[in-house]
Amino acid sequence: MPPMSEDLRIKTEPIVAKLSFVGGHWEEVFIYLPEEEGFRSSRLHRLLVFFQDDSGPFLAVRRQTGGDNVLIIRKSLIRWAEFSGTDWLEDEDRAGKPCPVGVSFPSGDKLKGTLYNDLPSHQQRVLDFMNRSELYFLLEAADKVYLVNREATSRVDDPPLS
């Protein structure tokens, strides 16, 4: 069989992520983020689309260490995806009202950071933001970015407790 033409391959960008699951375990993985052809989109926007894509309840990733196999993971069982650094965020990723919050999970784990409420001005309470239908939202911390699963959270402190 002849090799596949480069024109037929989907171009991807490997992104290192640490996934935290509902059961409390972690996986360090490569996410192969499809490149958007034809229009400009930030990496964060593409990550959100990748995690929230309603084409199915699962996503495929590859282990960073300890194996070369593909992991097929149920998106709803990921509490959060953690990405190192914030220098790759763009101004458009921080659009909206910055809201410092603390996010708690049933296991007792907590994250602190800033979410950006881009709802209309009459809906800029954190409660309005959390009641949105999208599965994941951005939480920016000092040196990390999290995509947090709304359904996996048990409490949001507005503002965060010390």
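In this report, the structure presented in the accompanying data block is examined. For clarity, every value in this text was computed on a predicted model and none was experimentally measured.

## Description of the overall build of the protein
Consideration 1: Each helix and strand counted, the protein has two helices and 10 strands in total.
Consideration 2: Listed by position from the N terminus, the elements making up the protein come as β-β-α-β-β-β-β-β-α-β-β-β.
Consideration 3: In terms of C-alpha radius of gyration, the protein reaches 17 Å, essentially the compact-globule figure of 15 Å for 162 residues.
Consideration 4: Each principal axis of the C-alpha distribution contributes one length, and for the protein these read about 60 × 35 × 30 Å.
Consideration 5: Taken over 162 residues, the protein has a buried fraction of 41%.

## Overview of the pattern of salt bridges
Consideration 1: Tallied over the full model, the rule gives 10 salt bridges.
Consideration 2: A salt bridge links Lys 144 to Glu 82, with the shortest nitrogen-to-oxygen separation between them at 3.5 Å. Placement of Lys 144 in strand S9 (residues 144–149) and of Glu 82 in strand S5 (residues 78–84) is noted, with a sequence separation of 62 residues between them.
Consideration 3: For Glu 82, a relative accessible area of 12% corresponds to the buried category.
Consideration 4: Here the residues in one salt-bridge network are Glu 13, Arg 43 and Arg 46, joined through shared partners.

## A short note on the layout of surface pockets
Consideration 1: Counted as a void, the largest pocket has a volume near 380 Å³.
Consideration 2: What lines the largest pocket is a set of 18 residues, and nearest its centre among them are Leu 48, Asp 93, Asp 118, Arg 132 and Leu 138.
Consideration 3: Mapped by element, the contributors of at least two residues to the lining of the largest pocket are helix H1 (43–52) and strand S8 (136–140).
Consideration 4: When residues in the lining of the largest pocket are grouped by element, the largest group, five residues, is from H1.
Consideration 5: Here the residues of the lining of the largest pocket are counted per class, giving nine nonpolar, three polar and six charged.

## A few points about the environment of Leu 119
Consideration 1: If you trace the backbone, Leu 119 turns up in the loop between strand S7 (110–117) and helix H2 (126–130).
Consideration 2: Sequence separation of Leu 119 and Ile 31 is 88 residues, and the distance between their C-alpha atoms is 29 Å.

## Description of the packing of aromatic side chains
Consideration 1: In this structure the tally under the stated criterion is eight aromatic pairs.
Consideration 2: The interplanar angle of 65° and the centroid separation of 5.2 Å between the aromatic rings of Phe 51 and Tyr 136 together place this pair among those described as edge-to-face. Of the two residues, Phe 51 is situated in helix H1 and Tyr 136 in strand S8; the sequence distance between them amounts to 85 residues. Summarising the burial analysis for this pair, Phe 51 and Tyr 136 share the class buried.
Consideration 3: On the basis of an interplanar angle of 90° and a centroid distance of 6.4 Å, the ring pair of Trp 80 and Tyr 146 is categorised as edge-to-face. Taken together, the positions of Trp 80 in strand S5 and Tyr 146 in strand S9 put the pair 66 residues apart, joining distant regions of the chain.

## What about the pairing of S9?
Consideration 1: A large share of S9 lies buried, amounting to five of its six residues.
Consideration 2: Bridge count between S5 and S9: five bridges; the pairing is antiparallel. Each residue of the ladder has a partner; that of Trp 80, found in S9, is Val 148.
Consideration 3: As paired elements, S8 and S9 share five bridges and run antiparallel to each other. Bridge pairing in S9 places Phe 137 opposite Val 148.
Consideration 4: Hairpin connection of S8 to S9: three residues between the antiparallel strands.

Basis of the calculations
Residues numbered from 1 in each chain as written. Predicted model: local features only at pLDDT ≥ 70, side-chain atom pairs only at ≥ 80, totals over all residues. Heavy atoms only, no water. Helix = DSSP H or I, 4+ residues; strand = E, 2+ residues; numbered from the N terminus. Rg over C-alpha atoms; globule rule 2.2 N^0.38 Å. Buried < 20%, exposed > 50% of the residue type's maximum accessible area, 1.4 Å probe, protein only. Salt bridge = Lys/Arg side-chain N within 4 Å of Asp/Glu carboxyl O. 1 Å grid on protein atoms, 1.4 Å probe; cavity = no way out; pocket = protein on both sides within 12 Å on 5 of 7 lines; lining within 4 Å. Points joined across faces, edges and corners; volume = space filled by probe spheres on them. Nonpolar A, V, L, I, M, F, W, Y, C, P; charged D, E, K, R; others polar. Phe/Tyr/Trp six-rings, centres within 6.5 Å; stacked < 30°, edge-to-face > 60°. Pairing = 2+ DSSP bridges.

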